Amino acid sequence: MDRQAVMQEQDLAPPVALPTLSPAARRRQLKEKAIAALITAVAFTGIAALVLILVFVAKEALLLVTDAAARDEASFSKMFLPQLVRKGKPLAYVWQPVSSVPKVSMIPLFVGTLKTTAVSMLVAVPLGIFGALFAAEFAPRRLREVLKPTIELLAGIPSVVLGFFALMVMASFLQDTFGFTSRLNAVVAGLGLALAIVPVIFTVTEDALTAVPRSYREASLALGATPWETAWKVVLPAAAPGILAACVLGFGRAIGETMIVLMASGNAAIVSWNLGDSVRSLSATIAAEMGEVVVGSPHYALLFFIGVELFVFTFVLNMLAGMWTKKVIQRLKGGAG
């Protein structure tokens, strides 16, 4: 039979009937589509809510640009450059937005935020990372089963409780021990913040260390390395992206924490690099002043502008951390860069 006859026979053949779905299978398929649509809607709702929050905060802060009175009272030069506070006195940075002559320098708030965050990270990062390294690499199984849930439970302690502990216990102890002039200062607030972010850093770091393939450890031990050398020179570098993510999460928690800093820092907007002086952070300023501010005033717009600054800080940090993480992953895979 030639090729043309075969093609004609195929054309005359009846079409193959597709299998029909049973009613149960059809209902299951519709149910799966409905669940997928619900999950997609919830995900987009969360993204839309975040975008709307950012738009709202930015819109309220735009008053500093669009309103002439607000620009005159809180211009960018007054926020970031030294101003004349009193005649015959040198230029200074002062945050005093409610006065006959408002003074709206952001520098004291930046310094206070930097001091408390630096103290908290200097304490929490080593504790969190080395605690996670011990739990993942050296702790016996029974101790690990108790240690990890106990530290993770600390993350559930309300920040107001930690702030109250720092205010009533840590402040007096540190003042008696180190002789601080101010009872409430950057060290007290920073240590209170460290109590809040250690569980975050510990949990994420421990997960990253546990995710390192066991073959890495076995290969290192087979080459003659000790368990400590294996943990320090093999496991830690391999888990570096996850450890960086833990530090970034801890930094974001520290820079945005309000109640602990509000209760334990002294709330004094002072430009001083002495850790024993009282400080005032960006987030604590929003919490302390938003309840009494006049809606629509330059002071009101300033508080929203502080919120925009906090968002920019965390966004830039996350972006830099993501770039560094990509480079580390490429290096671990043997790529360039």
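Residues numbered from 1 in each chain as written. Predicted model: local features only at pLDDT ≥ 70, side-chain atom pairs only at ≥ 80, totals over all residues. Heavy atoms only, no water.

**Comments concerning the UniProt feature "domain: ABC transmembrane type-1" (unreviewed entry) in the protein chain**
Per the UniProt record, the feature "domain: ABC transmembrane type-1" (unreviewed entry) sits at residues 110-321. Secondary structure over residues 110-321 splits into 77% helix and 0% strand, and the C-alpha atoms at its two ends are 21 Å apart. (UniProt positions renumbered as here; feature names shortened; annotations may be inferred. Helix = DSSP H or I, 4+ residues; strand = E, 2+ residues; numbered from the N terminus.)

**Side note on the packing of aromatic side chains**
Across all of its chains, the model carries ten aromatic pairs by this definition. Considering the side-chain rings of Phe-76 and Phe-305, the 5.9 Å spacing of their centres and the 70 degrees angle between planes classify their relative orientation as edge-to-face. A residue pair is termed long-range when its members are at least 10 positions apart, and Phe-76 in helix H5 (residues 76-80) and Phe-305 in helix H15 (residues 298-332) qualify at 229 residues. The partly exposed category is assigned to Phe-76, whose relative accessible area is 45%. Aromatic pair Phe-110 and Phe-313: ring centres 5.9 Å apart, planes at 65 degrees, arrangement edge-to-face. Pair noted here: Phe-110 is in helix H6 (residues 107-138) and Phe-313 is in helix H15, with a separation of 203 residues, a long-range link. A residue is classified by how much of its surface remains accessible, and Phe-313, at 34% relative accessible area, is partly exposed. By way of ring pairs, the aromatic residues Phe-130, Phe-138, Trp-228 and Trp-232 are connected into one cluster. (Phe/Tyr/Trp six-rings, centres within 6.5 Å; stacked < 30°, edge-to-face > 60°. Buried < 20%, exposed > 50% of the residue type's maximum accessible area, 1.4 Å probe, protein only.)

**Points about the domain arrangement of the protein chain**
On domain assignment, one finds that the protein chain holds domain 1 (25-66) and domain 2 (103-335). Each of domain 1 and domain 2 has a C-alpha centre, and the two are 29 Å apart. Each partner contributes residues to the interface: domain 1 has eight residues there, and domain 2 has eleven residues. Each partner contributes to the roughly 720 Å² buried at the junction of domain 1 and domain 2, and carbon and sulfur atoms together form 87% of this total. The largest contributions to the domain 1 side of the interface with domain 2 come from Glu-60, Leu-63 and Leu-64, which together make up 54% of the buried area. (Domains from an automatic or database assignment. Contact = heavy atoms within 4.5 Å. Buried area = accessible area lost by both parts, 1.4 Å probe.)

**Things to note about the UniProt feature "transmembrane region" (unreviewed entry) in the protein chain**
Those residues carrying the UniProt feature "transmembrane region" (unreviewed entry) are residues 35-58, 118-139, 151-174, 186-209, 230-255 and 300-321 in this numbering. Split by type, residues 118-139 is 95% helix and 0% strand. Its first and last C-alpha atoms lie 29 Å apart. Between the end C-alpha atoms of residues 186-209 there is a gap of 32 Å, over a span that is 100% helix and 0% strand.

**Comments concerning unusual backbone geometry**
In this model, Asn-267 sits at a positive phi of 55 degrees, which is unusual for a non-glycine residue. By the element assignment, Asn-267 lies in the loop between helix H13 (259-264) and helix H14 (282-289). Since its relative accessible area comes to 24%, Asn-267 is described here as partly exposed.

**Digging into the side chain of Ser-105**
Residue position: Ser-105 is located in the loop between strand S2 (103-104) and H6. In this structure the side chain of Ser-105 is engaged in a polar contact, spanning 3.4 Å, whose partner is the backbone nitrogen of Ile-107. In this view, Ser-105 contacts Lys-78, Met-79, Tyr-93, Val-94 and Trp-95; residues no more than four positions away in its chain are not counted. (Polar contact = N/O pair within 3.5 Å; in protein donor to acceptor, adjacent residues only side chain to side chain.)

**Let's talk about the nonpolar core**
Membership of the largest hydrophobic core comes to 25 residues, with the highest contact counts inside it found for Ile-129, Leu-209 and Ile-243. At the level of elements, H6, helix H9 (186-210), helix H11 (227-238) and helix H12 (240-256) are the ones that each hand at least two residues to this core. Those residues within four positions of Leu-209 in sequence are excluded, and the remaining contacts are Ala-132, Leu-133, Ala-136, Glu-137, Arg-217, Val-235, Leu-236, Ala-239 and Ile-243. (Core = buried A, V, L, I, M, F, W, Y, C linked by side-chain atoms within 4.5 Å.)

**Description of a nonpolar patch on the surface**
On the surface, a nonpolar cluster with roughly 870 Å² of combined accessible area is contributed by Leu-50, Leu-54, Phe-311, Val-312, Phe-313, Phe-315, Val-316, Met-319, Leu-320 and Met-323. Ranked by residue count, the leading element in the nonpolar patch is H15, at eight residues. Relative to the helices and strands, Val-316 is located in helix H15. (Patch = residues over 30% accessible without salt bridge, like charges linked within 9 Å, V, L, I, M, F, W, Y side chains within 5 Å. Areas by Shrake-Rupley, 256 points an atom, 1.4 Å probe, with all protein chains shown as cover. Salt bridge = Lys/Arg side-chain N within 4 Å of Asp/Glu carboxyl O.)

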